[in-house]
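Here's the letter readout for the chains.
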Amino acid sequence: MMACVTPSKLQLHSTYPNPPHLSNFHSSPKIKRKSHLGGFQSKKWRNLLWAGGENQYIRKESWCVKNDRRKKCCEAVKCTAEGVERCLLLGNRGEESGGFMVAERFKVVALMAGIMSLCNADRVVMSVAIVPLAAKYGWRSSDLGIIQSSFLWGYIFSSVIGGALVDKYGGKRVIAWGAALWSLATLLTPWAANHSTGSLLAVRTFFGLAEGVALPSMNTLLSRWFPSHERATAVGIAMGGFHLGNVVGLILTPLLMSSIGISGPFILFSSLGFLWLTTWSYRVTDDPLESNSVSKSELRLIQAGKSDSQVIKGKLPPLRLLLSKLPSWAIIFANITNNWGYFVLLSWMPVYFKTVFDINLKQAAWFSALPWGTMAISGCIAGATSDYLIKSGYSITSARKIMQSIGFIGPGVALLCLNYARTPVVASIFLTVALSLSSFSQAGFLLNMQDIAPQYAGFLHGISNSAGTLAAIISTIGTGFFVQWLGSFQAFLTLTSCLYFTATVFWNIYATGERVF
């Protein structure tokens, strides 16, 4: 049996003998940590690893133990100037088990992807359940639009408040409270629908109020746990979970309703939300510096990859200053456009397939689920592509503009083509293209908030998200009235395409990847 342990001695060979970008890190207070291996942590584990300079070679001396005889061996690791793109799954080698542990930041993004999946699954349940509810209560298309948009009535207010709370208290606590409250609202939804339409509107509004904190919390927390050149990939993974929530909700909801009843999916997803809380509350911290689980080597890698200055919590956000700069308005307009198109498709896709192609609810759910599934995959691809562009020498500004242009032009063209679809298969293909390419926005405006205003990113996210939510309310209700008046989805799809093209021009003129605030 052979085991390998790493002593504290580590030799660094670099063109930069003194890593100045780690000066703040080295001066920070010493943090005590516990090991995952039953509290055992040898001093031999303390790797002095940093990433800086163009080419670095890190020579690690280790002791190999075989048949009670110790043999000194060495291994060399090469790190590029960008930092730790190869180290997403890197962890310390266990002295007792001889295995590798998963990097702590990967566990954080996995948990974040899980709650983002539930966040969207809880939303989409109503998009499916509303079809049998409408048949039961005799709701018209305009009524459906009002009920679907009630989620956004609360969402529009909590976005700004939630963003400010995230900047002040951190993403961990804010999203934990949000998940607890929206899970409770999900559980109460079928009861409210049976009680009265007013009760249903009130519960859905409360549900939106709780969910408004999710995206600002995600964006801020991941920016603390990941170096700048890994941030797009991390957001892509988390948003991949978000979009997979659509798939899970669209597929499981009709199955559960047919076997258990309308309350079935609401009970399932709310229970999963409460279960997630038990892990999140004790496992995750707002910052890796506060974590007892992150290894020293990973902590140094994260700190070395940070390009922004330290964020100070508790300072009031300068609203007038934020709104005085055109890069802020580029983000706001992009969020308006993204939410306009996203919520139209999220709320109306099952109804679209049933109305236009006269297919049953289960078939409509499957046709609706396919585009969201590919969106989850393409979002991860978009994040990895954005990080690759930056590591290849493209400026952050160029990377953000390229990703956002794909995220708007692609859906605009696809929705125009959707007007000419004559079969559900062709329609599903065009919707798949539209949603897949729209996920590139995740590596555009969604990341750009941290670029231009790292200290006020949560608040800026809240402002832009509130504007986007207002647009989503208008588009969700407007679709219902357009369909009721004109008997067709075509006019509204064309209008949405034009908005995508206009936003692309505005973004490319005024957006920047440089820090503004």
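Note that this is a predicted model, so its numbers are computed, not measured. Along each chain, the written sequence defines residue order, and numbers are assigned to residues from 1. In keeping with the predicted nature of the model, local features appear solely for residues at pLDDT of at least 70, side-chain atom pairs appear and are counted solely at 80 or more, and the whole-chain, interface and lining totals rest on all residues. Working from all heavy atoms in the structure, the side-chain values ignore hydrogens and water.

(A) Representation of the overall build of the chain. Helix and strand labels come from DSSP, where a helix needs a run of H or I of at least four residues and a strand needs a run of E of at least two; each type is numbered from the N terminus. For the chain, the count of helices and strands is 17 helices and four strands. The buried share of the chain, reckoned over its 517 residues, is 56%. Within the chain, counting contacts between residues at least 6 apart in sequence, those at least 24 apart form 81% of the total. Throughout this description, buried means an accessible area under 20% of the type-specific maximum (1.4 Å probe, protein chains only), exposed means over 50%, and partly exposed covers the range between. Residues are treated as being in contact if the distance between any of their heavy atoms lies within 4.5 Å.

(B) A look at a nonpolar patch on the surface. Each patch groups residues whose relative accessible area exceeds 30% and which form no salt bridge, using 9 Å between like charges and 5 Å between nonpolar side chains of Val, Leu, Ile, Met, Phe, Trp and Tyr. Here the Shrake-Rupley method, with its probe set to 1.4 Å, supplies the accessible areas, and only the displayed protein chains count as covering residues. The working definition used for a salt bridge is a side-chain nitrogen of Lys or Arg within 4 Å of a carboxyl oxygen of Asp or Glu. Judged by side-chain polarity, Phe-157, Trp-177, Leu-181, Leu-184, Leu-187, Leu-188, Trp-191, Phe-206, Leu-209, Ile-267 and Phe-274 come together as a nonpolar surface patch covering roughly 1,100 Å² of accessible area. The set of elements that each furnish at least two residues to the nonpolar patch consists of α4 (171-195), α5 (197-211) and α8 (263-283). Ranked by the residues each element gives to the nonpolar patch, the list is headed by α4, at six residues. With respect to the helices, strands and loops of the structure, Leu-184 is situated in helix α4.

(C) Local environment of the nonpolar core. Nonpolar core, defined: a set of buried Ala, Val, Leu, Ile, Met, Phe, Trp, Tyr and Cys residues in which side-chain atoms within 4.5 Å join the residues together. Counting residues in each nonpolar core, the largest one holds 115 residues, and the members touching the most others are Met-112, Ile-115, Met-218, Trp-276, Trp-280 and Trp-372. In terms of residue count, the dominant contributor to this core is helix α2 (residues 104-137) (18 residues). If near-sequence neighbours (up to four positions away) are discounted, Trp-276 is found in contact with Leu-111, Ile-115, Leu-118, Ile-175 and Ala-179.

(D) Focus on α8. Helix length check: α8, at 21 residues, gives a terminal C-alpha distance of 31 Å against a target of 30 Å (1.5 Å per residue), a fit within 8%. Residues Gly-264, Pro-265, Phe-266, Phe-269, Ser-270, Gly-273, Trp-276, Leu-277 and Trp-280 constitute the buried set of α8. Looking at the buried side of α8, the elements it contacts are α2, α4, α6 (214-225) and α7 (231-259). One less than the number of residues in a helix, times 1.5 Å, gives the span that helix is expected to have.

(E) Representation of the packing of α7 against helix α15 (residues 445-452) in the model. Axis angles are defined between N-to-C directions and span 0 to 180 degrees, where every axis is a line fitted to C-alpha atoms and, for a helix, only to the segment in contact. Packing of α7 against α15 brings their axes to within 11 Å, and their N-to-C directions diverge by 140°. By the angle between their directions, the pair α7 and α15 is classed as oblique. For the crossing formed where α7 meets α15, the hand is right-handed. Every residue of α15 that contacts α7 at Arg-231, Ala-232, Val-235 and Met-239 is listed here: Leu-446, Leu-447 and Gln-450. Gly falls in the polar group here, along with every residue not listed as nonpolar (Ala, Val, Leu, Ile, Met, Phe, Trp, Tyr, Cys, Pro) or charged (Asp, Glu, Lys, Arg). Broken down by class, the residue content of the contact of α7 with α15 amounts to five nonpolar, one polar and one charged. Our angle categories are set so that under 35 degrees counts as roughly parallel, over 145 as roughly antiparallel, 65 to 115 as roughly perpendicular, and the remainder as oblique. Left-handed describes a crossing whose near helix is turned anticlockwise from the far helix through less than a right angle; right-handed describes the clockwise counterpart.

(F) Fine view of the side chain of Thr-285. With respect to the helices, strands and loops of the structure, Thr-285 is situated in the loop between α8 and α9 (296-304). Among the polar contacts made by the side chain of Thr-285, one reaches the main-chain carbonyl oxygen of Asp-287 at a distance of 2.8 Å. Thr-285 has contacts with Lys-172, Leu-221, Trp-225, Glu-290 and Ser-291, leaving out every residue within four places of it along the chain. Any pair of N or O atoms that falls within 3.5 Å is considered a polar contact. Within protein, one atom must be able to donate a hydrogen and the other to accept it, and sequence-neighbouring residues count only if both atoms are side-chain atoms.

(G) Examining the packing of helix α3 (residues 141-169) against helix α11 (residues 326-357) more closely. Between α3 and α11, the shortest axis-to-axis distance is 11 Å and the interhelical angle comes to 125°. Relative to α11, the element α3 is oriented oblique. Both α3 and α11 take part in a crossing whose hand is right-handed. Contacts between α3 and α11 involve Ser-141, Leu-144, Gly-145, Gln-148, Phe-151 and Leu-152 from the first element and Phe-343, Ser-347 and Trp-348 from the second.

(H) Representation of the side chain of Ser-150 within the structure. By the secondary structure assignment, Ser-150 is in helix α3. Other than its neighbours up to four places away in sequence, Ser-150 contacts Leu-201, Arg-204 and Thr-205.

(I) Structural view of the pattern of salt bridges. Here the structure, examined in full by the defined rule, presents five salt bridges. Residue Lys-107 pairs with Glu-104 through a salt bridge whose shortest N-O separation is 3.7 Å. With Lys-107 and Glu-104 both in helix α2 and three residues apart, this pair spans about one turn of that helix. Accessibility expressed as a relative area gives 22% for Lys-107, which makes it partly exposed. Taking relative accessible area as the criterion, Glu-104 reaches 2% and is therefore assigned buried. Residue Glu-104 is joined to Arg-283 by a salt bridge in which the shortest nitrogen-to-oxygen separation is 3.4 Å. Placement of the pair is Glu-104 in helix α2 and Arg-283 in helix α8, with a sequence separation of 179 residues. The partly exposed category is assigned to Arg-283, whose relative accessible area is 27%.

(J) Broad picture of helix α16 (residues 457-486). A rise of 1.5 Å per residue sets the reference length of α16, with its 30 residues, at 44 Å; its end C-alpha atoms lie 41 Å apart and thus fit the reference within 8%. Of all 30 residues in α16, 21 are buried; the element is thus mostly enclosed.

(K) Quick peek at the packing of aromatic side chains. Any two of the Phe, Tyr and Trp rings considered here, Trp counted by its six-membered ring, make a pair once their centres fall within 6.5 Å; the pair's planes then place it as stacked at under 30 degrees, edge-to-face at over 60, or tilted in between. Tallying each qualifying case throughout the model produces eight aromatic pairs. Arranged with centres 5.3 Å apart and planes meeting at 35°, the rings of Phe-151 and Tyr-155 form a pair that is tilted. Of this pair, Phe-151 and Tyr-155 are both found in helix α3, four residues apart, which corresponds to roughly one turn of the helix. Taking the centre distance of 5.6 Å and the plane angle of 50° together, the rings of Phe-408 and Tyr-500 count as tilted. Separated by 92 residues along the polypeptide, Phe-408 in helix α13 (residues 396-418) and Tyr-500 in helix α17 (residues 490-510) bring together distant segments of the chain.

(L) Main features of the confidence of the model for the chain. Residue-level confidence of the predictor is summarised by pLDDT, bounded by 0 at the bottom and 100 at the top. Looking at the chain, pLDDT values average 76 and 77% of them are 70 or higher. Highest mean pLDDT in the chain belongs to α13 (93); lowest belongs to strand β3 (residues 55-66) (37). Predicted confidence for residues 1-100 stays below pLDDT 50, and this span has 193 contacts to residues more than four positions away or in other chains.

(M) Fine view of the environment of Met-126. Locating Met-126 in the fold gives a position in helix α2. With 124 residues separating them along the chain, Met-126 and Leu-250 place their C-alpha atoms 9.7 Å apart. Discounting residues that sit within four places of it in the chain, Met-126 has contacts with Leu-133, Ile-147, Gln-148, Thr-189, Leu-200, Arg-204 and Phe-266.

(N) Here's a closer look at the environment of Met-116. As for its position among the elements, Met-116 is in helix α2. In sequence terms Met-116 and Gly-245 are 129 residues apart; their C-alpha atoms lie 7.4 Å from each other. Contact partners of Met-116, with chain neighbours within four places excluded, come to Ala-214, Leu-215, Met-218, Ala-238, Gly-241 and Phe-242.

(O) Structural context of the environment of Trp-153. Relative to the assigned elements, Trp-153 resides in helix α3. Along the chain, Trp-153 and Arg-204 lie 51 residues apart, while their C-alpha atoms are 8.5 Å from each other. In this structure Trp-153 touches Ile-146, Leu-201, Thr-205 and Ile-473, once residues within four positions along its chain are discounted.

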